[in-house]
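Next come the chains, spelled out residue by residue.
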Amino acid sequence: MAVTQAIFGINVAVFVAMTLAGASMLSNPSGQDLVRWGANFGPLTVSGQWWRLLTCVFIHGGLLHIAFNMWCLWDLGRLAESVYGHWTFAAVYLISGLSASLASVFWNPLILSVGASGAIFGIAGALIASFYLGEFSLPRAAMTGMLRSVVLFVGYNLFFGAVIAHTDNAAHVGGLVMGLLLGALIAKVAPQLDAVVRRVAILLVGALLVVSGVMWLQRSRAYLLHGQNGVRLLEEGKADNAIVELKRAVKLRPDFAPAHGALARAYSVKGDFENAAEEMKRVIALNPGNVVAYYSLGLIYLEQKLPAKAQDTFTQLLKIDPKSTDGHNGLANALADQHRNLEALEEYKRVAVLDPSYQRVYYNMGVNEARLKLYDDAIAALLKQREVGDDPDNEKLLASIYEAKGMTSEADAARQKAEQLQSSH
């Protein structure tokens, strides 16, 4: 069976090529290797790399993966090729594989998908439909036995795909449904091998369904995938590329608040705090109860040296959540930046009551108490910070306060500890 052998050979050739190129194919290849060779990954696929819908069908995630798939392909492929003929079998296989890839992107947009199993499920579906609806010269007993075997194959693999992690059952179902459809149409409309025109028309229907699926996916999911891709790029430190992707997301879906929030973070990374603030304002406009957005906007204002605006923003946050430690700490920072040290100190004290382990809260208390020349209170706060964790800045401030009080030995000890902490880092 020439087509089955050719598909088998392509899969094996790709596997060998990946192995020779350094991918750990005998065990478990990395996601980076799979993506490089053409794996189906939603953010990349929907961003315009639609060829991944096909290339992923010929890539596998390890030796056991390809061994099982090729074993199934060899049995089902030879049977299907004998039933449909060479070119029809090849077309059903490829169209089912594309359908499987589309279903995978729709259902699992952030999961890497590789393997021939979706296309193989399509062949199984076509055989089930043809055996059930078609007219064959084979004895009925032989047909019943073949049908039972194929149905068991589908049921067994769908069941284990549902209970075993990392199995892309969405691709299996997508391929199966397309195979059932094509098999049913061929059995009813063009069962004869020489019904070329009608078979071409049926296969075109399948191809048009795939194209329609691509167009629908691009319209309905593109904004989400652009947003997810932007977040991924931002996490990888590629802020410029992330901004491009996130702009695409909000252009397609202006009310997609998570993309506006991610875009604000990307602008912040670039130091473009003006645009960061505008994006975070959009998040708040879309979701006025989003305390995280208020906190982020307040931090952006602090970066812009606009403490009065930051104060207003953190005050709004505390109206929504009066017990927010982040809100009280942000408000304290905004007040401290305006040299309203006594008010800032009161806010830091509220933070310490709500969460005594909050990052550097006692250090910040000590800073403001030192500014107010409340040296004893500052020393007490800084010693509490020392109990929470070592901090060279804490020790330096402690040393300067000890020195101001004429406590020379204590100042020297604190200064020495600060130097030790700095050298250890």
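If you're wondering where the values come from, they're calculated on a predicted model, not measured in any experiment.

Student: Help me out: how do you make sense of the confidence of the model for the protein in this one?
Tutor: As a note on interpretation, predicted positions should not be read in detail where pLDDT is low. Averaged over the protein, the pLDDT score is 88; the fraction of residues at 70 or greater is 92%. Per-residue pLDDT, averaged within each element of the protein, yields its smallest value for helix H8 (residues 140-163) (57) and its largest for helix H15 (residues 307-320) (97).

Student: How should I be thinking about the side chain of His60 in this particular structure?
Tutor: With respect to the helices and strands, the residue His60 is situated in the loop between helix H4 (52-55) and helix H5 (63-84). Among the polar contacts made by the side chain of His60, one reaches the main-chain amide nitrogen of Ala116 at a distance of 3.3 Å. Look past the residues within four positions of His60 in its chain and what remains in contact with it is Asn11, Met25, Pro29, Leu34, His65, Ile66, Asn69, Met70, Val114, Gly115 and Ala116.

Student: I keep staring at a nonpolar patch on the surface and nothing clicks. Help me out?
Tutor: A cluster of nonpolar side chains, namely Trp87, Val196, Val200 and Leu204, defines an oily patch on the protein surface of about 340 Å² accessible area. Take the nonpolar patch: its biggest share by element is 3 residues, from helix H10 (residues 196-235). Mapped onto the fold, Val200 is located in helix H10.

Student: Teacher, can you tell me more about the layout of surface pockets here?
Tutor: The probe, sized like a water molecule, is rolled over the atoms to show the empty space still left. Each pocket or cavity is described by its volume, and for the second largest pocket that value is around 390 Å³. What lines the second largest pocket is a set of 15 residues, among which Asn329, Asn333, Asp337, Tyr348 and Asn364 lie closest to the centre. Of all the secondary-structure elements, those providing two or more residues to the lining of the second largest pocket are helix H14 (291-303), helix H16 (325-337) and helix H18 (361-371). Take the lining of the second largest pocket: its biggest share by element is 5 residues, from H18. Taken together, the residues of the lining of the second largest pocket break down into 7 nonpolar, 5 polar and 3 charged.

The rules behind the values
- Residues numbered from 1 in each chain as written.
- Predicted model: local features only at pLDDT ≥ 70, side-chain atom pairs only at ≥ 80, totals over all residues.
- Heavy atoms only, no water.
- pLDDT = per-residue confidence, 0-100.
- Helix = DSSP H or I, 4+ residues; strand = E, 2+ residues; numbered from the N terminus.
- Polar contact = N/O pair within 3.5 Å; in protein donor to acceptor, adjacent residues only side chain to side chain.
- Contact = heavy atoms within 4.5 Å.
- Patch = residues over 30% accessible without salt bridge, like charges linked within 9 Å, V, L, I, M, F, W, Y side chains within 5 Å.
- Areas by Shrake-Rupley, 256 points an atom, 1.4 Å probe, with all protein chains shown as cover.
- Salt bridge = Lys/Arg side-chain N within 4 Å of Asp/Glu carboxyl O.
- 1 Å grid on protein atoms, 1.4 Å probe; cavity = no way out; pocket = protein on both sides within 12 Å on 5 of 7 lines; lining within 4 Å.
- Points joined across faces, edges and corners; volume = space filled by probe spheres on them.
- Nonpolar A, V, L, I, M, F, W, Y, C, P; charged D, E, K, R; others polar.

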